[in-house]
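In case you want the letters, here they are:
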Amino acid sequence: MLRETKGYKVVTEWLAQKGFQPFLFQEETWQHILDRKSGLVNAPTGCGKTFSVFLGAIIKYINEHPGDKHPPKQGLKLLWITPLRALAKDIGRAMEEVIGELQLNWKIGIRNGDTPLAERERQKRQMPEVLIITPESLHLLIAQKGHENIFRSLQIIAVDEWHELLGSKRGVQVELAISRIAGSLQSIVNSSEPIVDSQASRPTTNDSGLSIWGISATIGNLDEAKQVLMSPLKNEGVIVRSNMDKRIDIESIFPDEIEKYPWAGHLGIKLAGKLIPVIQQSRTTLIFINTRGMSETWYQTLLNICPDLAGSIALHHGSIDMELRTWVEENLHSGKLKAVVCTASLDLGVDFRPVETVVQVGSPKGVARFLQRAGRSGHSPDAISKIYFLPTHSLELAEAAALKKAISQKIIESRPPMLLCYDVLIQYLNTLAVSDGFLPGQIFKEIKDTYCYKHISKDEWEQLLHFISAGGKALTQYDDYKKTEIEDGVYKIKSRRLAMRHRLHIGTIVSEAMMKVRFLQGGYVGVIEEWFISRLQPGDVFTLAGRNLEFIMIKDLTAYVRKSNSKKSIVPSWQGGRMPLSANLGRVLRETLDRKSETRRGKTGISEEEIELQVLEPLFELQEKLSHVPKRNELLIEHIETDDGFHLFVYPFEGRLVHEAMAAILAWRISRIRPITFSFAMNDYGFELLSDQPIPVDDTNVYELFSPDNLLADIQRSVNSTEMARRKFRDVAVIGGLIFQGYPGEQKKARHLQASASLLFNVFSEYEPDNLLLRQAYQEVFDQQMEEARLRDMLERIQRSEIIITFPQRLTPFCFPVKVDSMREDLSSEKLEDRVRRMQQQLER
Amino acid sequence: MSMYVSHMIGTQHLIMSAERTLFWENESTLIVADLHVGKTGHFRKEGIGVPQQIFKDDLHRLLSQILFFKAERLIIVGDLTHSVENKEMGLFRRWRKDFPSLYVHLVKGNHDILDDKWYRETEITVNAGQYLEKSFLFIHDILEPGLKATKGQYIFSGHLHPGISIRGRGRQALHFPCFYFANNHCVLPAFSRFTGTYQVDPKENEKAFAIIEKEIVLM
């Protein structure tokens, strides 16, 4: 049917002129779009996923308007939601090219924070047929009076890079926006129906003709990803898979000699010299570093080793001035840069065609992230993505083997969608209140149709309404609370000042408390976390954006600096950004180690792909000699006594967050056997308990100590969840509108409205402990900080596995990196390096 | 550790209370700083739904401190109110009128921006910059430029909302409000519980008394 349509002919002819022919998955999507279906397109980047949906919309349009090349202005037809502003320009350009060459009378509009006011005004008068928009700007659009009119003619909503949005609060924003658009279109359908239509015959599915199309890379829960998008339409939707596998070539960079006592952080830099030929041999190389602090160090090191790179190497991370970042991105595009040292800041974004090679330094922590980064190179459907893995300690080489295995078996992480985010809902309700106001009954029905809020109770809803309209508990007679007012049942924000302030705060990305860094003579360097600056004394030298800077003073919320030639400088350690090892990668890693242990017993041979394991052989041999290399169904526990005291090392390979919680729970459970105090340390592979007396863990009680029974109660007793929730509360409070992040012009006026998140947390904990935002902060701690579900899964797995307890005479290769991490807190980096070297020498004797 | 701790300055007897007040026994005077009356109301007027109960509790605490010490006079070293007038200040005025015999004296702070008329009608005696009585000098901000304390004078001030932290393992720290006694001045903790703290770092010959729940603890 598709192939007989006029639109199909026009589009395929146009493609043929360019020497292309449609991929199967594109045609499949086009057919579904003609059939007014909704669904999810699963295709890797650079494989024409944009065209699968966009050309579908064009074909549909041509079919509906045959013979008419210049119909009058149609209003908005296609809404294209994208997570990144930078992507909007690129996609817009590609779309305009199609429109131009097909001589369609369509306009492509972009709307985001960068869109000039005049352009926005133009859009308001006449919406373009296609609007490319970020989730934040979409909510701003909904905050406009008469927003329902904008969507009257809308046929398709496309959500690009849905895997990036799903799992975050921005994804929830998308869900809410879709529920509103679907709701408003449905109400138009309903109102035009004859009145005889009674409640009973009201259709249960949305029949407004709206299609929703998600576009996603492969993730573990594609089906759920689809369900989340389709939820407001109440239909199933289809999944279209491209079945185009991008070929990925992974190569590890090996140290000349394998350290049998690995420790994190220093090996990487030592291998920097081996990167120079890689950089020189390819056109452009992206070097991904896990933390902003380390990226600064790497940038300096590469320049020191190879001064020739000066001018053709750049640094890119989230704390660098936007203008400088844009400059880097533009020069990546034009191929003027040979290499860019970057962090997750370049995970997403426009395709940089000149990029031929990607280097991952240190563990990528997850399969999906590694794949995504690999995909940044070789950007055409049939090109090979080349990625080098450079370990920061030798044991990480086992992770490289695990990654290869996970990729070949397509074991990719899920992105679980967030549920019941009250903060985002409060923001959304206020957004509706500044537009035309809302009727609670109607909006409650709409949000109940979303995946995020389908389990919200009537009680919670009433509490939210009360919070925005009455401000929670009050002394009625002496209260001035003002935000959302109720007029004839409609919730509205009438104060222009409050409305404007709300518009300026729409969004769910909350930044750390940051301070601008400027040169005394003028010129902006970037931003840095307040707490880091607060520890500096004037005269101290630190590194930012690849420059050594001398700190002079703080004035007007800005840190002033001057250039410094000092050789010594402090590299800031930015908070956050330390992702734990994903559950999938952890599992494959356990399996990889297991394979290794069987091979050594001569059962199977090692394949060429697992060269990393061969290289690591000396380390495994020592581990086996001193202790044990665990199999997939084993949990290894080591008791080691050193001058520091009695250590207990446990290796679940579940990532540092789970290990942190587990260490606390285990310590609590042991202390009930006998009064004993511990200190903890952990990394992604395992954790350590250290005490000044022997730790009573043996075969008689070990299964009990790792039991999933009473987990929740034990968490509450052992982990300081209040402190964790206090930290989470900041984000929740900002999104929920309790804290104003300053913005230009109003900073001074808003000064009397400043209260720290910590203070608000105290006040609510004491006076309104059932406040929904407070509850949400605790829930987020359980779900994300402690990964409670994963913790439980781990304990259940351990119950089914064999626990091996060993008593090595000295530190083992497995425990060494954990041990070094625990010393990091007390020692400066130079002293640490000295001490570690001495320990290594002693142990290897 | 206890809820009240004595402190002598010369011949004058002072009593610190864990309710964030300082009682000057020789003169039956209660000294407090930074009440920030109307702060919750100010937030609420701007659409931030902070529980108002905390303000009501502040007033209850102040009342019970006045009764406990049988204070005849209240000296506020600045920031009685938080911002422009709002309904909460009406409650404060009613509260104040219930004690006609109590003499209330305010040394203005940077937040005290109401019209003179309001103070007059609330029966509060106001000093703009500083107030000297015997050898005690009352001001709002110890760092106020142009401040001159002559030798032998001892200063009581507020503004800073001093706090002190106790560091624990793993980069964790707990923060508590405190009384801060230096050689020739004292900074009082902010009375209102809807205030944050600014970390002070006492030097060798200085003393900080942390307020931990209902106890005063010398650090």
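Residues numbered from 1 in each chain as written. Chains lettered and ligands numbered in written order. Predicted model: local features only at pLDDT ≥ 70, side-chain atom pairs only at ≥ 80, totals over all residues.

Engineer: Give a description of the overall build of chain A that names residues and reports values.
Structural biologist: In terms of regular secondary structure, chain A is built from 33 helices and 25 strands. Over its C-alpha atoms chain A spans a radius of gyration of 29 Å, differing by no more than 12% from the 28 Å that the globule rule assigns to 845 residues. Looking at chain A residue by residue over its 845 residues, the buried ones come to 45%. Pairs at least 24 residues apart make up 76% of the contacts formed inside chain A by residues separated by at least 6 positions. (Helix = DSSP H or I, 4+ residues; strand = E, 2+ residues; numbered from the N terminus. Rg over C-alpha atoms; globule rule 2.2 N^0.38 Å. Buried ≥ 20, exposed ≤ 12 C-beta atoms within 10 Å, placed from the backbone. Contact = placed C-beta atoms within 7 Å.)

Engineer: Please set out the environment of Gly-67 of chain A residue by residue, giving values where relevant.
Structural biologist: Its place among the elements puts Gly-67 of chain A in the loop between helix H3 (49-64) and strand E2 (78-81). Taking the C-alpha atoms as reference points, Gly-67 of chain A and Lys-6 of chain A, 61 residues apart in sequence, are found 9.4 Å from one another.

Engineer: Go over the sheet that holds strand E12 (residues 355-361) of chain A, please, and point to the residues and values.
Structural biologist: Residue and element names in this part refer to chain A. Taken together, 6 strands build an open sheet; the order of strands is E8-E13-E12-E9-E11-E10 and the sheet is parallel. Lying at the two open borders of the sheet, with one neighbouring strand each, are strand E8 (248-252) and strand E10 (313-316). Neighbour-to-neighbour, the strand axes of this sheet turn through a mean angle of 20°, independent of strand direction. One ladder, built from 4 bridges, connects E10 with strand E11 (residues 339-342); its direction is parallel. (Pairing = 2+ DSSP bridges. Axes fitted to C-alpha atoms, helices over the stretch in contact; angles between N-to-C directions.)

Engineer: Lay out the confidence of the model for chain B with the relevant residues and their values.
Structural biologist: Looking at chain B, the pLDDT average stands at 92 and 96% of residues meet or exceed 70. For this predicted complex, the interface confidence score (ipTM) comes to 0.92, while the overall pTM stands at 0.88. (pLDDT = per-residue confidence, 0-100.)

Engineer: How would you summarise the domain arrangement of chain A if you had to cite specific residues and measurements?
Structural biologist: With domains assigned, chain A is organised as domain 1 (2-193 + 202-241), domain 2 (248-408), domain 3 (422-508 + 722-785), domain 4 (514-563) and domain 5 (627-719 + 786-844). Put simply, the middle of domain 3 of chain A and the middle of domain 4 of chain A, counted by C-alpha atoms, are 34 Å apart. (Domains from an automatic or database assignment.)

Engineer: So what's going on with the interface of chain A and chain B? Residues and values would help.
Structural biologist: Interfaces are often sized by the accessible area lost when the parts come together. On the side of chain B, 26 residues touch chain A, which itself brings 24 residues to the contact. Per-element accounting of the side of chain A that touches chain B gives the leading share, 4 residues, to helix H29 (residues 757-767) of chain A.

Engineer: So what about the nonpolar core? Which residues, and what values?
Structural biologist: All names here are of chain A. In this structure, Trp-80, Ile-157, Ala-158, Ile-287, Leu-425 and Ala-661 are the most contacted members of the largest nonpolar core, which totals 226 residues. Here this core takes 10 residues from helix H25 (residues 656-673), the largest share from any one element. Setting aside residues no more than four positions away along its own chain, Ile-157 makes contact with Leu-79, Ile-81, Ile-178, Ile-181, Leu-210 and Ile-212. (Core = buried A, V, L, I, M, F, W, Y, C linked by C-beta atoms within 7 Å.)

Engineer: Run through the sheet that holds strand E23 (residues 679-682) of chain A, naming residues and quoting values.
Structural biologist: Residue and element names in this part refer to chain A. Ordered by their spatial adjacency, 5 strands build an open sheet running E23-E24-E22-E21-E25, and the pairing between neighbours is mixed. Here the strands that pair on one side only, and so sit at the sheet edges, are E23 and strand E25 (802-806). Across the sheet, the mean angle from the axis of one strand to that of its neighbour is 20°, orientation sign disregarded. Pairing geometry for E23 and strand E24 (residues 687-691), over 4 bridges, is antiparallel. Residue pairing across strands places Phe-680 opposite Leu-689, the latter belonging to E24. Across the sheet, H25 is in contact with E23 and E24; its angle to E23 comes to roughly 155°.

Engineer: Before we move on, can you summarise the environment of Leu-420 of chain A with the specific residues and values?
Structural biologist: Residues and elements named next belong to chain A. If you trace the backbone, Leu-420 turns up in the loop between helix H16 (396-408) and helix H17 (422-434). The exposure class assigned to Leu-420 is partly exposed, which follows from the 18 C-beta atoms found within 10 Å. A C-alpha to C-alpha distance of 9.8 Å links Leu-420 and Gln-779, two positions 359 residues apart in sequence. Once you skip the residues sitting within four places of it in the chain, Leu-420 turns out to touch Cys-452, Tyr-453, His-455 and Ile-456.

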